[in-house]
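Coordinates in review
Take a look at the letters that make up each chain.
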Amino acid sequence: MKKVFVSLLLLFTVVVVHAADYPDIAPLPERKAPNPKQVELGKALFFDARLSGDAAISCATCHNSEKGFTTTMPLSEAYPGSKHWRNAPTLLNVVYKGRAYGWDGRLDDLDDFLRDMITDSMNMNMDMQLMQERLKQDPKIVALTLEAYGDKNMGTSKKGEMTHYVARNAIIQFLETLTSKNVPFDKGTLSAKAKEGMALFKGKAGCIQCHNGPYASDGKPHNTGVPENPEVFKDPQRHFTYVAYMMFMGVDNRMNWRRDVGYYAISKDRKDIGKFITPTLRELKHTAPYMHNGVFATLDEVIEFYNQGGGEDRPGLKDAAMKPLNLTNSEKEALKEFLQSLSGDPISIPMPKGVKVEYQAMPNWKGVKN
Amino acid sequence: MKTNKLYLGLAAFILVVLMFMAIGNIALAEGDPDVDPVLAPLPAHPPIPTDNPSGKNVFPSKMDKKQELGYLLFFDPKISGDGGIACSDCHDPKMGWGFSDPISRGYPGTVHWRNSQTAVNSGYLNKIFWEGGTTSLEAQAPAAAEGAVAGNGSRDMMESRLRFSPDYVKRFKEVFGSEWPLIEDGYAAIAAFERYLSQPDTPFDKYMKGDKNAISPMAIKGMDLFKGKANCIECHNGPMLTDEKFYDIGVADPPEFEENGINQVTFRYQNYAKGSHEEDYRTAKSDRGIYFKQKRKEDMGKLRTAPLRYTKYTAPYMHNGTLFTLEEVIDFYDKADGVDRWGNKTKIIKPLNLTKEEKENLKEFLLTLSGEEIKLPVPKVPDYAPMADWQPKK
């Protein structure tokens, strides 16, 4: 009897401690509906190649609206003249993230991060001032901006004027619409098998230690020993793009790294080598391949990776929580079933065809104010 | 003792001024702000900066290693944002090492807002760009390679690209002794190559050095007009035929700004990016020139006097390419009817009342300032290679 009591007490302690460690996984909370006109403007800009330096790519090039707002390639495309060394993360539910944007969690503010996605040399390589003047040249954009922001103070001298800040704000309003719809987990319509998977997720498999909260991510960096994607170092364009990024972030010894240093680029603390921000698990159905470098093509591979306790790394680098899970085949199936129940209806917006990069001359150029 | 020295200095200065006025047949005309240096041949090579030594050889002799590296880089689109445009795209050897549209092409997806100037003889200039904003070729190269409507390159990306071309790694090591290419060294090599693009042996130079048959009698008459009645020499003087000072001469606005949306985008962008207060940002419709440097009203519309060498190959003319031929340029000065937008238009320019024959002579003289066309083939630029193939793992 005493033993049982002690065990119960222990169990209780463990649960309490865990509850304090991380939030439970939970349905996505309601968000205030964005202004439809602002969304319309943001959507137009999302597909607009004039947002990139040489007007060759748009946000949708790497965050394809017909492919889960990412692409099916392990490693992302990048700005012309460079190639990315990481996987393009989905933009679905990104507005719920709220911190640690990018695989290495470089910035905590979505507007700041969006700005860098537009200005970074390997992303869209755009000058914000030039982008603003390009957008001001388009009468449709100008009219839409006035409609969308005419009654809102966006820090401009006249309300409803297009600025680069307004452009980014509109894109974020569009991102507000890219949230999961009809997710079995959120609706509480899990199958029996998915429920079993959820129990494993929170228990034996321990996924919840990092994948928690409504966004299913703790927003923190962890090293799980994901193997390197050898393509990064085989392709000089990917390799030099990575080197350029390390130079941008001030990483030491950048010519000699033959691995993605991850969060180390931010913290410069050697114990952070190979750490990446926990990604969301929502909409996995629509966002394969997986991991920061797309090395796993299927959820089965991902589950097997964790089942084996993650990958290899130098002593002290891999997260101590990573241990073999000894999941049975049936448990793996159940876990997969649960993971899939975190995905809702596919969100697909047809890629607009024939969006023209052109600039109409303003009539009465000398008479109008800039 | 000190006072004596001062008097001596002053006397020497007056003497020098008098001597110049005597030999150069220069008079301080009405509204003439300064004493003008005489016309002179170019030195055999441009000054070589001590912090970027290179060969003193100029075209067509053989390049040294640094110039050769600069030659490759000049033609290599790796030195740009999207790897799609090289220095040579706006400074095209086939277009007089400039660009033959009135307003230069720009970075892909953009246009520039001014006329592209020739790279030939740029090593002799102290003030580069139409605003004279940089004082060395070493500083000009990055300004062009990194500007949003020019090269739009970032240093991180361009330097990394060079490091993945084994041929560049070898050449940079040989020339600069660095383990890995540095973009600053790349700019230095480009500057060395541009100094190679010099032409100190034009008919004019030969004439000035004593070969009286190097230019035609017509051209000699033209030179007299240049120095006399037409008074070009007031601003176009010295061996480069520029005083490198700043004037508003009232060149018309280019029609491109009225007619093309993409030019309007760039105009507003430049006006914005160069730092404008609200009123300037909202109202500017004409190029304000060096006003952008210090925002002094008296600088509005002023630009650095253009050198006149190699102009045979560098049409169209003026900072915005609004004059297509040398004849049009001569007519522009002859009529002296440019616009005075800001009350800054120089008083030096007055109607010249040149006869048709005088205009022809003047043109003949201007043509003596260009030698043969400088032609170089487009080199094959180094390729990328995976590092594992040529660098031992460390």
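Attention here is on the structure that accompanies the text.

Rules behind the numbers
- Residues numbered from 1 in each chain as written.
- Chains lettered and ligands numbered in written order.
- Predicted model: local features only at pLDDT ≥ 70, side-chain atom pairs only at ≥ 80, totals over all residues.
- Heavy atoms only, no water.
- Helix = DSSP H or I, 4+ residues; strand = E, 2+ residues; numbered from the N terminus.
- Buried < 20%, exposed > 50% of the residue type's maximum accessible area, 1.4 Å probe, protein only.
- Contact = heavy atoms within 4.5 Å.
- Areas by Shrake-Rupley, 256 points an atom, 1.4 Å probe, with all protein chains shown as cover.
- Lys, Arg positive; Asp, Glu negative; His and termini not counted.
- Charge placed at Lys NZ, Arg CZ, Asp CG, Glu CD.
- Buried area = accessible area lost by both parts, 1.4 Å probe.
- Salt bridge = Lys/Arg side-chain N within 4 Å of Asp/Glu carboxyl O.
- Phe/Tyr/Trp six-rings, centres within 6.5 Å; stacked < 30°, edge-to-face > 60°.
- Lys NZ or Arg CZ within 6 Å of the ring centre and 35° of its normal.
- Axes fitted to C-alpha atoms, helices over the stretch in contact; angles between N-to-C directions.
- Parallel < 35°, antiparallel > 145°, perpendicular 65-115°, else oblique.
- Left-handed = near helix turned anticlockwise from the far one by under 90°.

1. Considering the overall build of chain A
Scanning chain A from terminus to terminus reveals 14 helices and 2 strands. Across its three principal directions, the C-alpha atoms of chain A cover 90 × 50 × 35 Å. Considering chain A as a whole, with its 370 residues, one finds that 55% of them fall into the buried category. Contacts in chain A between residues at least 24 apart in sequence constitute 67% of all its contacts with a sequence separation of at least 6. Counting only carbon and sulfur atoms, one obtains 57% of the accessible surface of chain A, whose full area is about 16500 Å². For chain A, the distance from the average site of its 48 positive side-chain charges to the average site of its 44 negative ones is 1 Å.

2. What about the interface of chain B and chain A?
Taken together, the contacts link 47 residues of chain B with 46 residues of chain A. Buried area between chain B and chain A, summed over both chains or domains, comes out near 4000 Å², and the portion from carbon and sulfur atoms is 57%. Interface area lost by chain B to chain A is led by R268, R282 and K285 of chain B, which between them contribute 19%. The interface formed by chain B and chain A holds 3 salt bridges in total. Put simply, R268 of chain B and E133 of chain A hold a salt bridge, and the shortest N to O gap is 2.5 Å.

3. With respect to the packing of aromatic side chains
Evaluation of the coordinates by the stated rule reveals 37 aromatic pairs over all chains. Aromatic ring contacts, followed pair by pair, group F59, Y71, F74, F75, W97, F193 and Y196 of chain B into a single cluster. The ring of Y384 of chain B has K78 of chain B lying over it, and the distance from NZ or CZ to the ring centre is 5.2 Å. The ring of W365 of chain A is capped by K285 of chain B, whose NZ or CZ atom sits 4.0 Å from the centre of that ring.

4. As for the packing of helix α13 (residues 299–307) of chain A against helix α14 (residues 329–340) of chain A
Residue and element names in this part refer to chain A. For the pair α13 and α14, interaxial distance at closest approach is 10 Å and the crossing angle is 125 degrees. The angle between the axes of α13 and α14 places the two elements in the oblique class. Viewed along their axes, α13 and α14 form a crossing whose handedness is right-handed. Contacts between α13 and α14 involve L299, D300, I303, E304 and N307 on the former and, on the latter, K332, L335, K336, L339 and Q340.

5. Some details on unusual backbone geometry
With omega at -5 degrees, the peptide bond leading from A288 of chain A into P289 of chain A counts as cis. Within the element layout of this structure, P289 of chain A appears in the loop between β2 (276–277) and α13. Geometrically, the link from A315 of chain B to P316 of chain B is a cis peptide bond, its omega value of -5 degrees lying close to zero. Positive phi outside glycine occurs at N121 of chain B, with the angle close to 70 degrees. With respect to the helices and strands, N121 of chain B occurs in the loop between α3 (87–90) and α4 (137–146). Even without being a glycine, A336 of chain B presents a positive backbone phi close to 55 degrees. Position of A336 of chain B relative to the elements: it lies in the loop between α14 (326–335) and α15 (356–367).

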